[in-house]
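Chains, contacts and geometry: an overview
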Amino acid sequence: MLSYMIKRIAMAVPTVLIVTLLVFGMMRAIPGDPASLMLGDVNDPALLAQLRHQFGLDRSVPEQFVLWVTHLAHGDLGMSIVRHQPVAELIRTTFPVTAEIVLSATLLASLIAIPAGLFAAWSQNRRADPAIVLTSILLVSLPSFWVGILLMWLFGVKLQWLPTFGFESFSEVGWGTVRYLVLPVIAVALGEIAVLTRMMRASSLEVLRLEYISHARAKGLSEPRVLLRHALPNAFGPALTVVGLILGHLLAGGAVIETVFTLPGMGRLLVESIYARDYPVVQACLLVIALLYVLVNLVVDLLYPVFDPRMKL
Amino acid sequence: MTDRGMRFCRCLLQTAVLLASCAITSFASASSSSTDAVSSEAAGQASTQAATHEIRVAEGEDTPTSMPGNVARNTATDNILGNVVESLVALRADLSVAPMLADSWDISPDGKTYTFHLRHGVLFHNGAPVTSAEVKWSFGFLMKRSSGFECRSVFDGGRGVKVVAVTTPDPDTVVFELDRPYALFLKQMVDPRCPLAVLHPSSVDSDGKWLRPVATGPYVFADWKRGQYVLLKRFPQYRPRTEPSSGGAGAKLAYADVRFVVIPDEAAQKSALAAGQIDAMTIDENNLLPPDPRWHLVEGPSADPAVLLMQTRDPSLSDVRMRRAIALALDLPGIVNAVTDGHGHYNPSLIPDANKLYSTTDATGYTKNLPEVKRLLTQVGYHGQTLKLETSRRFEHMYTLAVYVQSLLTKAGIRTELDVVEWSKQVSDFRSGRFQLMSFAYSARIDPALMFGDVLGDKSKTPMAQWENPAALALLHSLQGVSDEMARRQAFDRLHQMMIADVPMLGMYNTPDLILISSRLHGLTSWPMRRMRFYNVSKD
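Residues numbered from 1 in each chain as written. Chains lettered and ligands numbered in written order. Predicted model: local features only at pLDDT ≥ 70, side-chain atom pairs only at ≥ 80, totals over all residues. Heavy atoms only, no water.

- Under an unreviewed UniProt entry, chain A has the name Peptide/nickel transport system permease protein and belongs to Paraburkholderia phenazinium.
- Under the heading Sequence similarities (unreviewed entry), UniProt records this for chain A: "Belongs to the binding-protein-dependent transport system permease family."
- Per UniProt, chain A carries the Subcellular location (unreviewed entry) text "Cell membrane". (UniProt positions renumbered as here; feature names shortened; annotations may be inferred.)

Structure below.
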């Protein structure tokens, strides 16, 4: 197990290095720089030169890269050009918001999709199965931002049950934070429920056709026991991979929903920083996201044998 | 399905339904107790005391800084700090200069010495009285390179006049000495983008690092939760001026605390307004909410000119006859009416029609004339070369303007393609002059001379200059020491006529200032500088 972990972590190093290089290169390749954006239509060449010098933009791109990597090696993610705050602090304050949403959405999606997928497979060729499949197709077709706006309109504007914007963290208001999370979590979770249900259904169908399931039934076990004790653990393996992918995908792609619901998360920080050409923030956010992807997939791989004894690391 | 199976399924479904009902009921019961409480908590506020009468304003982005005029500033910064900081003078609604922290001022006969007489009894937000020492300190702080003041070069001779000395003969008098007479000195002190704010030294720490604005305005910068909101509290010791309120000048009365909440998405802003969770938001002309008793529109002209730029150094556009053909191919008033949905009107001049220097000459532009277009195109030997019209979707009206222009040019026989780019690239291309045609909007300048100053220039030295005309530049330079209004108006009329003849750009309209506000809000007015001010605004 330990050697496997070390091997996986070692494999992640080149991945992260390639990501940093690509991110750095791509950010510098796209036109526009933060100094020009700040000045907009103000004609002040001296100030422009001063800002470019201050941000290190007057150095060559390889020089800038070496400088960034050197600072990174010392644990310094740099300063935000636009916000004048340390990038590490920005990530420290925004990441928990994203994590709260992503973990809640993934948990909600898993709690709904896993039983639904299993039930759909069990009900194959009956009315419930196509109903669940059709619902999944419908849900996967709805963009989360659109669902978000719809939910906001219904629960925020019409019913006035929930706020349409704003955020207070768990550390500030305890469970009061839930009212800010309900709508974004539902908006994000719906699409993931659909994906996970379909995956769970497919893997459950395979498992339910196996002889040991017929054997369990022949022994006179109840259907819930057959499903929960014998079918679920074996069907859950592939779904777990999808859960891992969902987690990574949401951590990286929560920007839209964070923007719609005005949540001060890392996704929104990333998008705003891309538009503002806040290079240090973009680079650091993408680096963190790459690391998270690697970490989540590693955890999923390590969890696999817990659910499927046939798997060995 | 077996009976056991059915029971299992029912059990699962019932559990799910039960859980969902519990969740919804708990949220609903928590929420239904008070709609106002929901609204206030939505803004993430801790204070319950101010919840009912707090004015909540949506901003599309957070302010990156709390320092007035810092280079990182954006529109949100100006909107927020315009309620917090004050200068020696202020701008009226017609953009003329009025007294603010200074009751009066004298200008020496040579036009190089400005002596300001401070108003008595004015206090900073920390309770300290305003004296000439703080005025001098503020100027010194802002002019330090390390302060990041965007308009430093406006006062150090780089882009304007050079302030050679600031002296304080007594606590109520402060004297600014300039290196030469300069008619725009007073106006530039109060540019909403970078005002020469009067600040208390406690605005910075012992190392001179910026902390927060301790200023003199009717609102105190009370709380800032980055990415979420800025809370301005009423300053109870504020002493308003006695003159009637006008623009940023005159009496300022703070009736309610103001919370600027960051809501980046416009649809979310509209939802929040409809839900009563915010009270004001700026809005695009083509994105208005349908009429409703719960809200109404506050509108007025702005000083931001929307223009069609033409790259005079591009081989296809270097001949003035080609540029005139483009101007004559367009139904300019029609385009403006369509783009602004009737909220703006055609203004061919760089001088905003809300400015008191605007004259009938400035209203003179091109009128669509297709036979003349044909004649000019034949003269210049146009053979259907395609022109690229650059725009972006950062500001929707710029894009819409480009679409109409492209359509009309194509109809008139001038092949034009839209090049829709990201805003950052458009700014980069604008600054480097890498475009043929561009749909663009300048930000407001407080005086026409500043607008012409940024447009005129030698492109080989200043690529973002749009108009190369040495005679026009000389005329503009000759105005520097002239403060006589009639003389300035005549010079600007002449500059406008010269620009119409050269056609380096086509003035279209001044972007309308549109603010959608809750019907519970009273007293909010538009201002040509397009900055929201919440003094003299009350909420039911």
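Quick notes on the overall build of chain B
- Secondary structure summary: chain B contains 15 helices and 20 strands in total.
- Relative to the compact-globule value of 24 Å for 540 residues, chain B shows a C-alpha radius of gyration of 27 Å, a close match.
- Summarising its shape, the C-alpha atoms of chain B cover approximately 90 × 75 × 40 Å along the three principal directions.
- Relative to its 540 residues, chain B shows a buried fraction of 57%.
- Of all intrachain contacts in chain B linking residues separated by at least 6 positions in sequence, the fraction that spans at least 24 positions is 69%. (Helix = DSSP H or I, 4+ residues; strand = E, 2+ residues; numbered from the N terminus. Rg over C-alpha atoms; globule rule 2.2 N^0.38 Å. Buried < 20%, exposed > 50% of the residue type's maximum accessible area, 1.4 Å probe, protein only. Contact = heavy atoms within 4.5 Å.)

Examining the environment of Pro45(A)
- The residue Pro45(A) is located in helix α3 (residues 45-54) in this model.
- On the basis of relative accessibility, which here comes to 54%, the residue Pro45(A) falls in the exposed class.

Considerations on the state of the cysteines
All names here are of chain B.
- Under the definition given, this model contains one disulfide over all chains.
- Here cysteine 151 pairs with cysteine 194 through a disulfide, and the sulfurs are 1.7 Å apart. One end of the pair, cysteine 151, is in the loop between α4 (132-142) and α5 (152-155); the other, cysteine 194, is in the loop between α6 (185-188) and β8 (219-225), with 43 residues separating them in the sequence. Of the two residues, cysteine 151 and cysteine 194, both sit in the buried class. (Disulfide = S-S within 2.5 Å.)

What about the packing of helix α14 (residues 470-478) of chain B against helix α15 (residues 485-502) of chain B?
All names here are of chain B.
- Closest axis-to-axis distance for the α14/α15 pair is 10 Å, and the angle between their directions is 165°. With respect to each other, α14 and α15 are oriented roughly antiparallel. At the point where α14 passes α15, the crossing takes the left-handed sense. Along its contact with α14, which presents Ala471, Ala472, Leu475 and Leu476, the element α15 presents Ala491, Arg494, Leu495 and Met498. (Axes fitted to C-alpha atoms, helices over the stretch in contact; angles between N-to-C directions. Parallel < 35°, antiparallel > 145°, perpendicular 65-115°, else oblique. Left-handed = near helix turned anticlockwise from the far one by under 90°.)

Re the sheet that holds strand β7 (residues 173-178) of chain B
Residue and element names in this part refer to chain B.
- Here we have four strands laid out as an open sheet, ordered β4-β5-β7-β6, and antiparallel in their pairing. Either end of the sheet is taken by a strand with one partner, and the two such strands are β4 (102-107) and β6 (163-170). When strand polarity is set aside, the average angle formed by the axes of neighbouring strands in this sheet is 20°.
- Judged from the five bridges that link them, strand β5 (residues 113-118) and β7 form a sheet pairing that is antiparallel. Among the inter-strand pairings, threonine 113 is bridged to a residue of β7, identified as glutamate 177.
- Where α4 meets the sheet, its contacts fall on β5, β6 and β7, and the angle it forms with β6 comes to roughly 165°. (Pairing = 2+ DSSP bridges.)

Here's the deal with the pairing of strand β13 (residues 305-310) of chain B
Residues and elements named next belong to chain B.
- A large share of β13 lies buried, amounting to six of its six residues.
- The alternating pattern of β13 places Pro305, Val307 and Leu309 on one face and Ala306, Leu308 and Met310 on the opposite face, and all of these are buried.
- By the bridge criterion, five bridges tie β13 to strand β16 (residues 437-441) in an arrangement that is antiparallel. Residue methionine 310 lies in a different strand from β16, and its bridge partner there is leucine 437.

Side note on the UniProt feature "transmembrane region" (unreviewed entry) in chain A
Residues and elements named next belong to chain A.
- When the UniProt feature table is mapped onto this chain, "transmembrane region" (unreviewed entry) is found at residues 101-120, 132-157, 177-196, 235-261 and 281-304.
- As a span, residues 177-196 carries 95% helix and 0% strand, and end to end its C-alpha atoms are 26 Å apart.
- Between the end C-alpha atoms of residues 281-304 the distance is 34 Å, and the span holds 100% helix and 0% strand.

Let's talk about the side chain of Ser96(B)
Residue and element names in this part refer to chain B.
- Relative to the helices and strands, serine 96 resides in the loop between β2 (89-91) and β3 (97-99).
- You can call serine 96 buried: its relative accessible area is 10%.
- In this view, serine 96 contacts Ala90, Leu91 and Lys356; residues no more than four positions away in its chain are not counted.

What about the pattern of salt bridges?
- Counted under the stated rule, the structure contains 39 salt bridges over all chains.
- Linking Asp33(A) and Arg52(A) is a salt bridge whose minimum nitrogen-to-oxygen distance equals 2.7 Å. Here Asp33(A), found in the loop between α1 (2-29) and α2 (34-39), pairs with Arg52(A), found in helix α3; they are 19 residues apart in sequence, far enough to count as distant.
- Overall, the relative accessible area of 13% leaves Asp33(A) in the buried class.
- Here Glu243(B) ties to Arg241(B) by a salt bridge, and the two come within 2.9 Å at their closest N and O atoms.
- Looking at Arg241(B), the relative accessible area reads 7%, which means it is buried.
- Counted as one network, the salt bridges with shared partners bring together Asp41(A), Arg73(B), Asp78(B), Glu150(B), Arg193(B), Arg445(B), Asp454(B) and Arg531(B). (Salt bridge = Lys/Arg side-chain N within 4 Å of Asp/Glu carboxyl O.)

Thoughts on a nonpolar patch on the surface
All names here are of chain A.
- Among the surface-exposed residues, Phe145, Trp146, Leu150 and Val256 lie close enough to one another that they form a single nonpolar patch of about 380 Å² accessible area.
- Counting residues per element, the nonpolar patch draws most heavily on helix α7 (residues 144-158), which supplies three residues.
- For tryptophan 146, the location among the structural elements is in helix α7.
- Owing to a relative accessible area of 41%, tryptophan 146 belongs among the partly exposed residues under this scheme. (Patch = residues over 30% accessible without salt bridge, like charges linked within 9 Å, V, L, I, M, F, W, Y side chains within 5 Å. Areas by Shrake-Rupley, 256 points an atom, 1.4 Å probe, with all protein chains shown as cover.)

Points about helix α11 (residues 396-411) of chain B
- Its 16 residues place the ends of α11(B) 23 Å apart at the C-alpha level, agreeing with the 22 Å of an ideal helix rising 1.5 Å per residue.
- Gly413(B) occupies a position one or two residues after α11(B) and carries a positive phi of about 95°. (Expected span 1.5 Å × (residues − 1).)

Things to note about the sheet that holds β13(B)
Residues and elements named next belong to chain B.
- Read from one edge to the other, the open sheet built from five strands follows the order β15-β14-β16-β13-β17, with strand pairing classed as mixed. With partners counted over all chains shown, the strands left at the sheet margins are β15 (416-421) and β17 (505-510), one partner each. Across the sheet, the axes of successive neighbouring strands diverge by a mean angle of 20°, strand direction being ignored.

Describing the interface of chain A and chain B
- Taken residue by residue, the interface counts 58 residues in chain A and 63 residues in chain B.
- Taken over both partners, the interface formed by chain A and chain B buries close to 5000 Å², and the fraction arising from carbon and sulfur atoms is 60%.
- On the chain A side of the interface with chain B, the three residues burying the most area are Asp41(A), Asn43(A) and Phe165(A), jointly 15% of the side's total.
- The partner of Arg159(B) in a salt bridge is Asp44(A), with the nearest N and O atoms 3.2 Å apart.
- One can count 14 residue pairs in polar contact (both at pLDDT 80 or more) joining chain A with chain B.
- For the side of chain A that touches chain B, the per-class residue count stands at 30 nonpolar, 16 polar and twelve charged. (Buried area = accessible area lost by both parts, 1.4 Å probe. Polar contact = N/O pair within 3.5 Å; in protein donor to acceptor, adjacent residues only side chain to side chain. Nonpolar A, V, L, I, M, F, W, Y, C, P; charged D, E, K, R; others polar.)

Side note on the environment of Val85(B)
- Structurally, the position occupied by Val85(B) is in the loop between α3 (75-81) and β2.
- Discounting chain neighbours no more than four positions away, the residues touching Val85(B) are Pro68(B), Pro195(B), Ala197(B), Leu199(B), Pro213(B) and Ala215(B).

Things to note about the nonpolar core
- Ranked by internal contacts, the top residues of the largest apolar core, which has 143 residues, are Leu88(B), Phe116(B), Phe176(B), Phe185(B), Leu330(B) and Phe534(B).
- Residues Leu48(A), Ala239(A), Val242(A) and Met266(A) belong to the second largest nonpolar core, which totals 105 residues. (Core = buried A, V, L, I, M, F, W, Y, C linked by side-chain atoms within 4.5 Å.)

A short note on unusual backbone geometry
All names here are of chain A.
- Even without a glycine there, the phi angle at asparagine 125 is positive, about 70°.
- Within the secondary structure, asparagine 125 sits in the loop between α5 (87-122) and α6 (128-141).
- Judged by relative accessible area, which is 73%, asparagine 125 ranks as exposed.
- You will see that threonine 262, though not glycine, has its phi angle at about 55°, which is positive.
- Tracing the chain through its elements places threonine 262 in the loop between α12 (255-260) and α13 (266-276).
- The exposure class of threonine 262 is buried, given its relative accessible area of 2%.

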